[in-house]
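# Report on the structure
Residue-level listing of the chains:
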Amino acid sequence: MGVSPSTVSRITGLETHYKNFNTGAAAMLPQQLAIVGQGNDDAVYSLDKYEIEGSADAVAQRYGYGSPLHLAALQLFPKAGAMATFPVYILPVAKGAQWVKAHGEILITGAAAKAGSGTVSVGGVDAEFSVAKGATAAETMAAIVSAINAVLEMPATAVVTAAAESVPEHITLSAKWSGALGNSITIEMDADLPGLTVAITAFADGAGAPDVTPALEKIGQRWITFVLSTFDYKSGSALDTFQTWGEDRWSVLQKMPCLVAHGCTDNYTTRTAVTDERKSDYINFLVTSVGSPELPFVVAAKGLLCDIVTTADSNPPQNYKGQLTGLKAGSDDAQENPQIRNQSILKGASNNIKSGNVAELNDIVTFYHPESEGKYPGRRYVVDAVKLMNIVYNCRLITESDEVKGAPLVPDAQVTTNPKAVKPKTVKGWLANLAHSLALNAIISDEDFTKENLQVGINSENPKRLDYVFPCKLSGNVEVISGDIYFGFYVG
């Protein structure tokens, strides 16, 4: 306030104050991720929200090695390489009393004609083993069991099950957790074992789908921008719960938009059978790697790191093209052609391409595709939802600032000496600055349209209410390029 009003002696004072004259300059919404999932059946853990502090091992010690929560954390906080630079929280879910584990089998018959070795992959996690020349089937199975159980992050345990009636001795693999999710665990064998025959029975019979409501309630008023569900997107009513919860987060009073990611390794027919039935769902989306032997939620976790959430945090208007490095891609013949990928988008299902031996994100879209909006529904692309999140965030920064809260509200034409008074034209100026800043950041296009159509005014019935309309055109993204090359020959 400068010189005190009680001062009467001749004096000249000067005080400096910081004042932000760039009100309305766009700030990028900080991204935050929450993982909804379960630990191992053998682990005893709290259902409280838990923030990962950069260590997947800490997650394993809390929820069990090889649990869905541990395996998801391993992708976000790997032992080597880039890790999440945004906050990651865990929202644990406990298994239901009636849930059942999934089981798979490996049957070895014959005898090793020579020394050999191989790799057994369970849910994309590898275990190497070797056998000596002349090794029996029983000795080979024992070696495989030892190799599997020695890998901490393995999603299943293995035992040799004795022969019974018409069932020969075999390896039984049991998911480390109960529930239908265990049916997603794959079994693959890559081995040079002359004289030995390998037969694999896929994981099955896992039962139990979660109620994710208690977990989501633990988010409270924290602005989580993405949720990763580790559960099977095809199982139970979780999609409905996520959609209802997510729509409420986008509501006029919550104002904290969020999207929910699900992993997918299914082909076009399987995944679109789910997404095509959910035409109004703009909350849920798939992160897809067609035919991959990895666990689906592992694919999603890697995709969120490389690069959906990472890019949303650093450059919100950029669409996603990250490679799922370190994960196994599906076979070449499982990949989909451009026509199938196009149909997949039209039915609300994300897709991928394969670059060399690595799966790469291609089209990341929500399930949203109502027939009334034709080929280009407004809430299709996840990247557009992220742009809209940032606009919501910045409008909130302006309208919920201390300069606005409870300030005297007077008409534009009124003269006032109250430095705290707010006029509609003042807020309109801030929003106009925001439009310019959003355009500079390529989040919106045609800022002149926004400025010309901005509306800010005192409500006609409530003198304590300020209404505004901020119309904007989201920027596009380069998705389709069409060119023509004309050629001929020189004739002398």
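Before reading further, recall that the structure is shown in the block above.
Notes on the structure follow. Keep in mind that what you see is a predicted model, and the values were worked out from it rather than measured.

Attention now moves to the side chain of Thr-140. Here Thr-140 is to be found in helix α3 (residues 137-149). Residue contacts for Thr-140: discarding those within four places in its chain leaves Ile-108, Val-131, Ala-135 and Leu-196.

A word on the pattern of salt bridges. This model, assessed by the stated rule, comprises 15 salt bridges. For Asp-276, the salt bridge identified is with Lys-279, shortest N-O distance 3.4 Å. The partly exposed category is assigned to Lys-279, whose relative accessible area is 27%. Close ionic contact of Asp-446 with Lys-473 constitutes a salt bridge, the shortest N to O distance being 3.0 Å. With a gap of 27 residues between them, Asp-446 in the loop between β16 (444-445) and α11 (447-453) and Lys-473 in strand β19 (residues 473-474) connect regions that are remote in the sequence. Residue classification places Lys-473 among the partly exposed residues on the basis of a relative accessible area of 37%.

So, on to the side chain of Thr-225. Tracing the sequence through the fold places Thr-225 in the loop between α4 (213-217) and β11 (226-229). Among the residues examined, Thr-225 registers a relative accessible area of 0% and is labelled buried. Within polar-contact distance, the side chain of Thr-225 engages the side chain of Gln-31 at 2.9 Å. Of note is the side chain of Thr-225, whose polar atom sits 3.0 Å from the backbone nitrogen of Gln-32. The contact partners of Thr-225, leaving out residues within four places of it in the chain, are Leu-29, Pro-30, Gln-31, Gln-32, Pro-257, Cys-258, Leu-259 and Met-389.

How two aromatic rings sit relative to each other is set out by the distance from centre to centre and by the angle between their planes. Taken as a whole and assessed by the stated rule, the structure comprises seven aromatic pairs. With a centroid separation of 6.1 Å and 80° between ring planes, the pair formed by Phe-226 and Phe-285 is classed as edge-to-face. Separated by 59 residues along the polypeptide, Phe-226 in strand β11 and Phe-285 in strand β13 (residues 284-288) bring together distant segments of the chain. Phe-226 sits in the buried class, given a relative accessible area of 0%. Look at Trp-250 and Tyr-282: their rings are 6.3 Å apart centre to centre, the planes differ by 85°, and that puts the pair in the edge-to-face class.

By way of backbone hydrogen bonds, the strands of a sheet pair with one another, either parallel or antiparallel. With mixed pairing, six strands are arranged side by side in an open sheet as β2-β3-β1-β11-β12-β13. The open sheet is flanked by β2 (50-51) and β13, the only strands paired with a single partner. Each of β1 (33-38), β11, β12 (259-264) and β13 is contacted by helix α7 (residues 296-314), which is oriented at about 165° to β11, the strand it contacts most.

Residues that lie three or four places apart on an α-helix share one face, since the helix turns once every 3.6 residues. Of the positions making up helix α6 (residues 268-275), those classed as buried are Tyr-268, Arg-271, Thr-272, Val-274 and Thr-275. For α6, the buried positions fall inside an angular range of 155° around the axis, keeping them on one side. The inward-facing, buried residues of α6 abut α5 (238-249), β12, β13, α8 (338-346) and β14 (351-355).

Membership of the largest hydrophobic core comes to 108 residues, with the highest contact counts inside it found for Phe-226, Val-227 and Phe-285. No other element matches α7, which puts ten residues into this core. Val-227 has contacts with Leu-33, Ala-34, Val-36, Ile-219, Phe-242, Trp-245, Cys-258, Leu-259, Val-260 and Ala-261, leaving out every residue within four places of it along the chain. Among the nonpolar cores identified, the runner-up in size contains 19 residues, and Ala-432, Leu-434, Leu-438 and Leu-454 belong to it.

Quick notes on the rules
- Residues numbered from 1 in each chain as written.
- Predicted model: local features only at pLDDT ≥ 70, side-chain atom pairs only at ≥ 80, totals over all residues.
- Heavy atoms only, no water.
- Helix = DSSP H or I, 4+ residues; strand = E, 2+ residues; numbered from the N terminus.
- Contact = heavy atoms within 4.5 Å.
- Salt bridge = Lys/Arg side-chain N within 4 Å of Asp/Glu carboxyl O.
- Buried < 20%, exposed > 50% of the residue type's maximum accessible area, 1.4 Å probe, protein only.
- Polar contact = N/O pair within 3.5 Å; in protein donor to acceptor, adjacent residues only side chain to side chain.
- Phe/Tyr/Trp six-rings, centres within 6.5 Å; stacked < 30°, edge-to-face > 60°.
- Pairing = 2+ DSSP bridges.
- Axes fitted to C-alpha atoms, helices over the stretch in contact; angles between N-to-C directions.
- Arc of directions from axis to C-beta.
- Core = buried A, V, L, I, M, F, W, Y, C linked by side-chain atoms within 4.5 Å.

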